[in-house]
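Coordinates in review
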Amino acid sequence: MFAAPIDQLALDLYTRIFTKAEDQAVYALENGICGGGHMKVVSGTIQTARTGETIAQGKSCGSILYLVE
Ligand SMILES: [Zn+2]
């Protein structure tokens, strides 16, 4: 289901999110554009996705995002 390699910590976070919100989808965040809502995201969201410390989400659509660079 994941196109990009995700480390175990991030995977745990995703698993936890999915347990809470099973209907939420994961999309790529590419070139600053959310793959779910196709809207530009703020730089803070990109930073969040880059560090992987917390889950990055598209503000408008609520999609869970992983960074593609
Ligand atoms: Zn979005």
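Notes on the structure follow. Worth saying up front: this structure is predicted, and the values here are computed from it rather than measured. (Residues numbered from 1 in each chain as written. Predicted model: local features only at pLDDT ≥ 70, side-chain atom pairs only at ≥ 80, totals over all residues.)

Some words on the overall build of the protein chain
Secondary structure assignment for the protein chain yields two helices and four strands. When the elements of the protein chain are put in sequence order from the N terminus, they spell out α-β-β-α-β-β. Taken over 69 residues, the protein chain has a buried fraction of 19%. Here the contacts in the protein chain between residues at least 6 apart in sequence split such that 46% fall between residues at least 24 apart. (Helix = DSSP H or I, 4+ residues; strand = E, 2+ residues; numbered from the N terminus. Buried ≥ 20, exposed ≤ 12 C-beta atoms within 10 Å, placed from the backbone. Contact = placed C-beta atoms within 7 Å.)

Let's talk about the environment of Val41
Examined against the element boundaries, Val41 turns out to sit in the loop between strand 2 (33-34) and helix 2 (43-51). By C-beta crowding, Val41 is classed as buried, having 21 other C-beta atoms within 10 Å. The spatial distance from the C-alpha of Val41 to the C-alpha of Leu29 is 8.6 Å, given a sequence separation of 12 residues. In this view, Val41 contacts Leu29, Gly32, Cys34, Ile46, Gly58 and Lys59; residues no more than four positions away in its chain are not counted.

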